[in-house]
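# Overview (structure and organization)
Each chain, written out:
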Amino acid sequence: MICSIRKRWNNARLGISITPTRISGETMNSTISDTVTEREGDWDENVPVYTVEGFRALVRALVVDEMPRLFAVVYERIPRREVEVAAYGMAFPDRAELIAPDGTHRMTSSSADQATALLTAGTGDEQVKARLVWMEDLAGALG
């Protein structure tokens, strides 16, 4: 991510406009004059290039663009007799990272769905099913 910031920072220093960025579902079109302090002549490496507002917008956009989706995998004893959290996870575009609630086990999988299938198979009990629960689906219920 530092590379992304440096790339955008270097592009800004060269006078190239910043690419449109999505923030909370809205497209933010930003040009260099909106984002970079106006300086003529030489560039002092110790002087910030971005305005405070421009840098905050850059950081917010970067974090939102690359933020993982949070989820849990729960074990359900069929038919809905018991339930327990098997793992909490973060889904990135290229993988899912999971950790057991007590922190004793970790797992990396190609996706949250793949991890859920692996956890179901790992129980060895046909009466136990793993279910994927996306935290964003619970946001309204928890709030």
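Note that this is a predicted model, so its numbers are computed, not measured. (Residues numbered from 1 in each chain as written. Predicted model: local features only at pLDDT ≥ 70, side-chain atom pairs only at ≥ 80, totals over all residues. Heavy atoms only, no water.)

Before going further, it helps to examine the pairing of strand β4 (residues 82-92). Bridging between strand β3 (residues 69-77) and β4 involves nine bridges; their strand directions are antiparallel. By the bridge assignment, Leu70 is partnered in β4 with Met90. Once β3 ends, the chain turns through four residues before running back antiparallel as β4, passing Arg80 with a positive phi of about 45 degrees. Connecting β4 to the next strand, strand β5 (residues 95-99), in antiparallel fashion are two residues. (Pairing = 2+ DSSP bridges. Helix = DSSP H or I, 4+ residues; strand = E, 2+ residues; numbered from the N terminus.)

Our next topic: the nonpolar core. Within the largest apolar cluster, 14 residues are counted, with the highest numbers of intra-cluster contacts made by Phe71, Val73, Tyr75, Leu98, Leu119, Ala130 and Trp134. Listing elements by their share of this core, those giving two or more residues are β3, β4, β5, α4 (112-123) and β7 (128-134). Discounting chain neighbours no more than four positions away, the residues touching Trp134 are Arg69, Leu70, Phe71, Ala91 and Ala112. (Core = buried A, V, L, I, M, F, W, Y, C linked by side-chain atoms within 4.5 Å. Buried < 20%, exposed > 50% of the residue type's maximum accessible area, 1.4 Å probe, protein only. Contact = heavy atoms within 4.5 Å.)

Now for α4. Under the 1.5 Å per step criterion, the end-to-end length of α4 is 17 Å for 12 residues, consistent within 8% with the ideal 16 Å. Along α4, the residues classified as buried are Ala112, Ala115, Thr116 and Leu119. Seen end-on, α4 carries its buried residues on one side only, within an arc spanning 100 degrees. Counted as exposed and oriented over 90 degrees from the buried face of α4: Asp113 and Ala121. Looking at the buried positions of α4, the neighbouring elements they touch are β3, β4, β5, β6 (106-109) and β7. In the stretch just after α4, Gly124 is the one whose phi turns positive, near 70 degrees. (Expected span 1.5 Å × (residues − 1). Arc of directions from axis to C-beta.)

Moving on, we come to the sheet that holds β3. Taken in spatial order, the five strands make up an open sheet running β6-β5-β4-β3-β7, and their pairing is antiparallel. Edge positions in the sheet fall to β6 and β7, since each has one partner strand and no second. Averaged over all pairs of adjacent strands, the angle between their axes in this sheet comes to 25 degrees, without regard to strand direction. Helix-sheet contacts for α4 involve β3, β4, β5, β6 and β7, and the interaxial angle to β7 is about 160 degrees. (Axes fitted to C-alpha atoms, helices over the stretch in contact; angles between N-to-C directions.)

What follows is about the confidence of the model for the chain. Residues at a pLDDT of 70 or more form 64% of the chain, whose mean pLDDT is 75. The secondary-structure element of the chain with the lowest mean pLDDT is helix α1 (residues 2-13), recorded at 38, while β5 shows the highest, at 97. Considering only residues more than four positions removed or in separate chains, one finds that residues 1-38, a stretch of pLDDT under 50, has 57 contacts. (pLDDT = per-residue confidence, 0-100.)

The next subject is the pattern of salt bridges. If charged atoms from side chains of opposite charge come close, those side chains can pair. Counted according to the given criterion, the structure contains five salt bridges. Glu136 is the partner of Arg69 in a salt bridge, and the nearest nitrogen-oxygen pair spans 2.7 Å. In this pair, Arg69 is assigned in strand β3 and Glu136 in helix α5 (residues 135-142), connecting sequence segments 67 residues apart. The salt bridge partner of Glu76 is Arg131, with a shortest N-O separation of 2.5 Å. You can see Glu76 sitting in strand β3 and its partner Arg131 sitting in strand β7, a full 55 residues away along the chain. (Salt bridge = Lys/Arg side-chain N within 4 Å of Asp/Glu carboxyl O.)

Okay, the side chain of Thr116 next. Within the secondary structure layout, Thr116 lies in helix α4. With residues up to four places along the chain from it excluded, the contact list for Thr116 reads Val73, Ala130, Arg131 and Leu132.

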